[in-house]
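Here is how the chains run, residue by residue.
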Amino acid sequence: KNEVEQSPQNLTAQEGEFITINCSYSVGISALHWLQQHPGGGIVSLFMLSSGKKKHGRLIATINIQEKHSSLHITASHPRDSAVYICALIKLGGTSYGKLTFGQGTILTVHP
Amino acid sequence: NAGVTQTPKFQVLKTGQSMTLQCAQDMNHNSMYWYRQDPGMGLRLIYYSASEGTTDKGEVPNGYNVSRLNKREFSLRLESAAPSQTSVYFCASSEEGNRHYGYTFGSGTRLTVV
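Computed from a predicted structure; not experimentally measured. (Residues numbered from 1 in each chain as written. Chains lettered and ligands numbered in written order. Predicted model: local features only at pLDDT ≥ 70, side-chain atom pairs only at ≥ 80, totals over all residues. Heavy atoms only, no water.)

**Description of the sheet that holds strand β6 (residues 52-56) of chain A**
Residue and element names in this part refer to chain A. If you walk across this open sheet you meet the 5 strands as β1-β3-β8-β7-β6, and the pairing is antiparallel. Strand pairing shows two members of the sheet lacking a second neighbour, β1 (4-7) and β6, which therefore form its edges. Each adjacent strand pair in this sheet contributes to an overall mean axis angle of 15°, direction not counted. Direction of pairing for β6 relative to strand β7 (residues 59-64): antiparallel, over a ladder of 5 bridges. Within β7, the position partnered with H56 by the bridge is L59. (Pairing = 2+ DSSP bridges. Helix = DSSP H or I, 4+ residues; strand = E, 2+ residues; numbered from the N terminus. Axes fitted to C-alpha atoms, helices over the stretch in contact; angles between N-to-C directions.)

Next comes the structure, spelled out in structure tokens:
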């Protein structure tokens, strides 16, 4: 069983819709990243979370450490939000050195 | 612009050829990483360097070597390329603060081995 599970794997939305992508994990973590990758493009870290909630523009990320669950929300979605969203963990432990363990990603397509 | 610079962006190799992927960061980060991304497998760690002068294996190190030349540069070498090494390679660096790691990725190298 993967240590990081994302859902859904694929998500299609109409412009303006509210979107939620979920990430569940089974290990202790020191931090969790939400990453964005546009088709053929590089990878950008949208958020790094260790507790609570963060907001940047139309994007909101939350994490519940006790339940081992995080969500990424996009309000008022736009076609430019179409991308792959990846949840990535930094496991607890003195030898983690920031190494990331990745979920399989969620492919989001937003239609005009 | 501050960030992680990877070269080359694209490369085609013949089986058995060697090459080095270059990576440099200008953010004074201690930790640097090489990941590969494959369809259906996602991103996986090849090698990492927690600090200048140290390197360690990640999840999929076979067929690769690395060098942490200085704090800025972390190179990945394929000594004898194989078709299984066809992939997109990402270099990344991170800053450590209270066990929290802010990450910056390079733009990627798309490698095809024929």
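**Remarks on the side chain of S75 of chain B**
Mapped onto the elements, S75 of chain B comes out in strand β8 (residues 74-78). Its relative accessible area of 8% is what places S75 of chain B among the buried residues. (Buried < 20%, exposed > 50% of the residue type's maximum accessible area, 1.4 Å probe, protein only.)

**Some remarks on unusual backbone geometry**
Look at the link from S7 of chain A to P8 of chain A: it is a cis peptide, with omega at -5°. Mapped onto the elements of the fold, P8 of chain A is located in the loop between β1 and β2 (10-14). A cis amide bond, omega -5°, links T7 of chain B with the succeeding residue P8 of chain B. One non-glycine residue, K68 of chain A, lies in the positive phi region at around 55°. Looking at K68 of chain A, the relative accessible area reads 30%, which means it is partly exposed. If you check the backbone angles, N28 of chain B has positive phi at about 60° while not being a glycine. Structurally, N28 of chain B can be placed in the loop between β3 (19-25) and β4 (31-38). What makes N28 of chain B exposed here is its relative accessible area of 56%.

**Some points on the pairing of strand β4 (residues 29-37) of chain A**
Residues and elements named next belong to chain A. Taking burial as the measure, the 9 residues of β4 include 9 buried ones, the bulk of the element. The pairing of β4 with strand β9 (residues 83-91) spans 8 bridges and is antiparallel. Bridging across to β9, Q36 finds its partner in Y85. In terms of strand pairing, β4 meets strand β5 (residues 43-49) through 6 bridges, oriented antiparallel. Across the sheet, the residue bridging to Q37 is I43, located in β5. Counted along the chain from β4 to the antiparallel partner β5, the turn is 5 residues long, and its residue G40 has a positive phi close to 70°.

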